[in-house]
Amino acid sequence: MKIDVLKGDITTLEVDAIVNAANSSLLGGGGVDGAIHKAGGKQILEECMHIRNQQGGCKVGEAVITNAGKLKAKKVIHTVGPKWSGGNAGESEKLRTCYQNSLRLAEQADLQSIAFPNISTGVYGYPKTGAAEVALKAVKDYPYEKVQHVIFVCFDDENYRLYSNRLNDPQ
Ligand code: AR6
């Protein structure tokens, strides 16, 4: 399994799945969530609403998979990151399960490539250094079967630097 780091807009990627940093309502929002729904069109929201009607949204740390509408990706995996509230509310464990549950859905759907944004590090306020450590460990430790390529898509310079430096670090 190969891990890459890119800087840019996740909505432009031609991969099997892009991951959305959603909220529990699954009805869209700002940040990367807003960008994905804007670029992908209403087909994604319609499937999110269908899932919401069936299971009442998505809990923190969990993930759901939908079509990718007009995007070049084949699927969108929506996961809900934790809101940072000081670090003693299980934030790191919840963030880890976002990555693990997203990878599990990709494996179950026979997908080979998946791109992650830096979940929780925008509106939800998770400190970027800690979030990068959790994300990289979760992705490196996952027991892969079909997924062959994971891409971290960093939107800002700080995240890009953090991921690039840590990925090249043998630790
Ligand atoms: N491509 C890649 N990364 C992006 C993009 C993009 N187009 N746009 C922003 N980012 P955020 P959260 C980065 O706030 O913190 C939404 O309203 C951004 O720089 O999108 O998990 C949801 O509906 C940051 O590093 O997600 C929720 O209510 C990262 O994506 C809430 O925000 C995550 O920032 C979720 O907050």
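Residues numbered from 1 in each chain as written. Predicted model: local features only at pLDDT ≥ 70, side-chain atom pairs only at ≥ 80, totals over all residues. Heavy atoms only, no water.

Draft legend 1. The layout of surface pockets, seen in detail. Of the pockets and cavities examined, the largest pocket occupies roughly 570 Å³. Lining the largest pocket are 25 residues, and of these Ala21, Gly31, Val32, Asp33 and Gly122 lie nearest its centre. Put simply, the parts of the chain that give the lining of the largest pocket at least two residues each are strand E2 (17–22) and helix H1 (31–40). Here the element with the most residues in the lining of the largest pocket is H1; it accounts for 4 residues. (1 Å grid on protein atoms, 1.4 Å probe; cavity = no way out; pocket = protein on both sides within 12 Å on 5 of 7 lines; lining within 4 Å. Points joined across faces, edges and corners; volume = space filled by probe spheres on them. Helix = DSSP H or I, 4+ residues; strand = E, 2+ residues; numbered from the N terminus.)

Draft legend 2. Summary view of the site of the ligand. Looking at the ligand, there are 22 residues lining it, with Asn23, Gly30, Val32, Asp33 and Thr121 nearest. In this structure, Tyr124 approaches the ligand through a main-chain N or O atom, which is 3.0 Å from an oxygen atom. Protein contact buries 91% of the 700 Å² of open area that the ligand shows by itself. A majority-of-atoms criterion places the ligand in the largest pocket. Contributing elements (two or more residues each) for the shell around the ligand: E2 and H1. Among the residues making up the shell around the ligand, the classes are represented as 8 nonpolar, 11 polar and 3 charged. (Near = heavy atom within 4 Å. Polar contact = N/O pair within 3.5 Å; in protein donor to acceptor, adjacent residues only side chain to side chain. Areas by Shrake-Rupley, 256 points an atom, 1.4 Å probe, with all protein chains shown as cover. Sits in = over half its atoms within 2 Å of the grid points. Nonpolar A, V, L, I, M, F, W, Y, C, P; charged D, E, K, R; others polar.)

Draft legend 3. A look at the packing of helix H4 (residues 128–141) against helix H5 (residues 157–167). Across the interface, H4 lies against H5 with an axial gap of 10 Å and an inter-helix angle of 45 degrees. Comparing the axis directions of H4 and H5 gives the class oblique. The element H4 and its partner H5 pack so that their crossing is right-handed. Within the contact between the two elements, H4 uses Lys128, Thr129, Ala131, Ala132, Glu133, Ala135, Leu136 and Lys140 and H5 uses Glu158, Asn159, Leu162, Tyr163, Arg166 and Leu167. Each residue belonging to the contact of H4 with H5 can be placed in one class, and the counts come to 7 nonpolar, 2 polar and 5 charged. (Axes fitted to C-alpha atoms, helices over the stretch in contact; angles between N-to-C directions. Parallel < 35°, antiparallel > 145°, perpendicular 65-115°, else oblique. Left-handed = near helix turned anticlockwise from the far one by under 90°. Contact = heavy atoms within 4.5 Å.)

Draft legend 4. Expanded view of the pattern of salt bridges. Tallied over the full model, the rule gives 9 salt bridges. The partner of Glu158 in a salt bridge is Lys128, and the shortest N-O contact between them spans 3.7 Å. On the criterion of sequence distance, the pair formed by Glu158 in helix H5 and Lys128 in helix H4 is long-range, its members being 30 residues apart. Given the relative accessible area of 39%, Glu158 is considered partly exposed. (Salt bridge = Lys/Arg side-chain N within 4 Å of Asp/Glu carboxyl O. Buried < 20%, exposed > 50% of the residue type's maximum accessible area, 1.4 Å probe, protein only.)

Draft legend 5. Focus on the packing of aromatic side chains. A complete count under the given rule lists 6 aromatic pairs for this structure. Plain terms: the ring middles of Tyr99 and Phe116 are 4.8 Å apart, the flat faces sit at 45 degrees to each other, and that makes the pair tilted. Here Tyr99, found in helix H3 (residues 91–108), pairs with Phe116, found in strand E5 (residues 113–116); they are 17 residues apart in sequence, far enough to count as distant. Residue Tyr99 is classed as buried on the basis of its relative accessible area of 1%. (Phe/Tyr/Trp six-rings, centres within 6.5 Å; stacked < 30°, edge-to-face > 60°.)

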